[in-house]
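# What the coordinates show
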Amino acid sequence: SRKPQQETETEETQRTLQKIMSELENNEPLLITEEEETAYDETEKVHIVRDEDENDLEHGVGCGGAPPFSWKKLWLFTGPGFLMSIAFLDPGNLEGDLQAGAVAGYSLLWLLMWATAMGLLVQLLSARLGVATGRHLAELCRDEYPTWARMVLWVMAEFALIGSDIQEVIGSAIAIKILSNGILPLWAGVLITALDCFVFLFLENYGIRKLEAVFAVLIATMAVSFAWMFGQAKPSGSELLIGILVPKLSSRTIQKAVGVVGCIIMPHNVFLHSALVQSREVDKRQKYRVQEALNYYTIESTIALFVSFMINLFVTTVFAKGFYNTDLADSIGLVNAGQYLQDKYGGGVFPILYIWGIGLLAAGQSSTITGTYAGQFIMGGFLNFKMKKWLRALITRSCAIIPTIIVALVFDSSEATLDVLNEWLNVLQSIQIPFALIPLLCLVSKEQIMGSFKIGPLYQTIAWLVAALVILINGYLLLEFFTSEVSGVVYTGLVTMFTASYGAFIFYLIARGITFTPWRFKAGSIQ
């Protein structure tokens, strides 16, 4: 009787071991605990189908090589980069484009191109972090920094997000006002835009691919609208090419040049992209699978930012053609741009005013929805909150909508005041840039976090130079702004104290990056 009992126990043990091995093979979330917030559940991720001719043994598990290129796989990986690219097309960027075109003509197109390239480099680092570790930037900051520093980083990220969201919502409200012939005031447009968070939740229930398809339609709407305007304006082809290929800068255009670079890096977008790339099913135990994902995300992000560059170029050249060297050049902003375009280019079958309004609405709506998305990842990552998606989206949306409604009610009748507010919001976001860039660069440079996917010395040098350039440029913007706007002993003293604290915290982040303690998970250690 003992022998059958022993056989039964042996079979039970084997079944238990098989179950454990099965979980180890199929459930990558062993890296996190059940209580931790994650970017995507396993059921939400897009399954990456293997090609029939693919053979794991041919590539070798852990060798770091990648399978041959596949158009089918590129299609499956396409999506996160285009969602990320929307931050390069938000109403704040469009206003920077039109002002650069009106004041500097075609002369800053080369800078727009290189600024987009710098933005691509930063976003690829963000994607690399997310793919290699299986966690996004906010989650990693929660683990790597002490509580007080983590809370400061979270508050700064939320401020950056709110500042960006106010600009995006106001941009949408301006577009709604244009398309309604002024019937709907700014505050009504803000309320309509606020409903997009429920649209976002509705779409999210149908899966990430459906949500990405909606964003693709919005980007296509922008591309068609601004390309139509480009065709209407008929800018000079030779001047456009010279503007792209020949660097040119003058004392008159230096401030707009700084603005072009400064608005490319959006702090919340760095957090967002590191989470979006986790929407695909990637086996991080096999290095070549991680490398494959990084390759496809690099291609996809490059295409997405090329599209965004072309859209920004269309806007810049339309206003360069119409308003450069005119008396109106210094007075054009997002509020009056549509009417100025109408006065310059006239009506026609499709009045350019409404074409501009449609493009601006697509930009505003898409960027506010991605802002809601980023807000969820930032809050969940830093605070590790497990809450219903609708509640978290409602909290994130309310943080921006309530101050935006106040802004719309107070400043609806004053274009000049709205422009001043926009400058303050740009300053608010510029201040936050180091608090996303520095942690990102420190994390992707560490082998104990990235494993074999850490960036090399050359890449580190280039990345830190780009980060330093962006931070210095935004520092210049801050200096210019406070020099012109801040006066009096009390205000000067407060600004000085803030600047000292700000500089000390940046120094702390850099110093902390040099002395990161080993993390509990090394990306390249699972094979």
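Residues numbered from 1 in each chain as written. Predicted model: local features only at pLDDT ≥ 70, side-chain atom pairs only at ≥ 80, totals over all residues. Heavy atoms only, no water.

The next thing to look at is the environment of Ile303. Relative to the elements of secondary structure, Ile303 occurs in helix H15 (residues 287-323). Spatially, the C-alpha atoms of Ile303 and Gly81 are 8.3 Å apart, while their sequence positions differ by 222 residues. (Helix = DSSP H or I, 4+ residues; strand = E, 2+ residues; numbered from the N terminus.)

Bringing the nonpolar core into the picture now. Formed by 147 residues in total, the largest nonpolar core has its most connected members in Phe226, Phe319, Trp356, Tyr373 and Phe382. Setting aside anything within four residues of it in sequence, one finds Tyr373 in contact with Tyr40, Leu83, Phe200, Glu204, Ile208, Leu211, Leu272 and Leu276. (Core = buried A, V, L, I, M, F, W, Y, C linked by side-chain atoms within 4.5 Å. Buried < 20%, exposed > 50% of the residue type's maximum accessible area, 1.4 Å probe, protein only. Contact = heavy atoms within 4.5 Å.)

Moving on to the confidence of the model for the protein. Per-residue pLDDT for the protein has a mean of 81; in total, 84% of the residues score no lower than 70. Low pLDDT, under 50, characterises residues 23-34; the stretch is placed with 15 contacts to residues that sit more than four places away or in other chains. Considering only residues more than four positions removed or in separate chains, one finds that residues 517-527, a stretch of pLDDT under 50, has 40 contacts. (pLDDT = per-residue confidence, 0-100.)

Another point: the pattern of salt bridges. Scanning all chains against the criterion turns up six salt bridges. Where Asp143 meets Arg135, a salt bridge forms, and the shortest distance between an N and an O atom there is 2.4 Å. On the basis of relative accessible area, Asp143 is assigned to the partly exposed category, the value being 29%. One salt bridge connects Glu212 with Arg280, and the closest N-O pair in it is separated by 2.8 Å. Of this pair, Glu212 sits in helix H11 (residues 208-233) while Arg280 sits in the loop between helix H14 (267-276) and H15; the two residues are 68 residues apart in sequence, bridging distant segments of the chain. Taken individually, Glu212 and Arg280 each receive the classification buried, so the pair is uniform in this respect. Among the ionic contacts, a cluster of salt bridges with common partners joins Lys73, Arg289 and Glu292. (Salt bridge = Lys/Arg side-chain N within 4 Å of Asp/Glu carboxyl O.)

A contiguous nonpolar surface patch, about 600 Å² in accessible area, is contributed by Trp187, Leu191, Ile402, Ile406, Leu409 and Val410. Breaking the nonpolar patch down by element, the ones donating at least two residues are helix H9 (186-194) and helix H18 (389-411). The element best represented in the nonpolar patch is H18, accounting for four residues. Position of Leu409 relative to the elements: it lies in helix H18. (Patch = residues over 30% accessible without salt bridge, like charges linked within 9 Å, V, L, I, M, F, W, Y side chains within 5 Å. Areas by Shrake-Rupley, 256 points an atom, 1.4 Å probe, with all protein chains shown as cover.)

At their nearest, the axes of helix H5 (residues 91-104) and H15 sit 7 Å apart, and the two run at 35° to each other. The crossing of H5 and H15 is right-handed. Each of Leu94, Asp97, Leu98, Gly101 and Ala102 in H5 lies in contact with H15, whose residues at this interface are Asn312, Val315, Thr316, Phe319, Ala320 and Phe323. Within the contact of H5 with H15, the residues separate by chemical class into seven nonpolar, three polar and one charged. (Axes fitted to C-alpha atoms, helices over the stretch in contact; angles between N-to-C directions. Left-handed = near helix turned anticlockwise from the far one by under 90°. Nonpolar A, V, L, I, M, F, W, Y, C, P; charged D, E, K, R; others polar.)

Here we come to helix H8 (residues 147-179). One turn of an α-helix holds 3.6 residues; hence residues three or four places apart share an orientation. Given a rise of 1.5 Å per residue, 33 residues ought to cover 48 Å, and the 47 Å separating the end C-alpha atoms of H8 matches this to within 8%. Burial runs high along H8: 24 of the 33 residues are buried. The positive-phi residue at the C-terminal boundary of H8 is Asn181, with phi of around 60°. (Expected span 1.5 Å × (residues − 1).)

Bringing the packing of aromatic side chains into the picture now. Within the structure shown, the criterion is met by 17 aromatic pairs. Seen in terms of ring centroids, Phe69 and Trp71 are 5.0 Å apart; in terms of plane orientation they differ by 85°. Their pairing is edge-to-face. Accessibility expressed as a relative area gives 45% for Phe69, which makes it partly exposed. By relative accessible area, which is 67% here, Trp71 ends up exposed. Their ring planes at 50° and their centres at 5.8 Å tell us that Phe226 and Trp356 sit as a pair that is tilted. You can see Phe226 sitting in helix H11 and its partner Trp356 sitting in helix H17 (residues 352-383), a full 130 residues away along the chain. Considered together, Phe226 and Trp356 belong to a single accessibility category, that of buried residues. (Phe/Tyr/Trp six-rings, centres within 6.5 Å; stacked < 30°, edge-to-face > 60°.)

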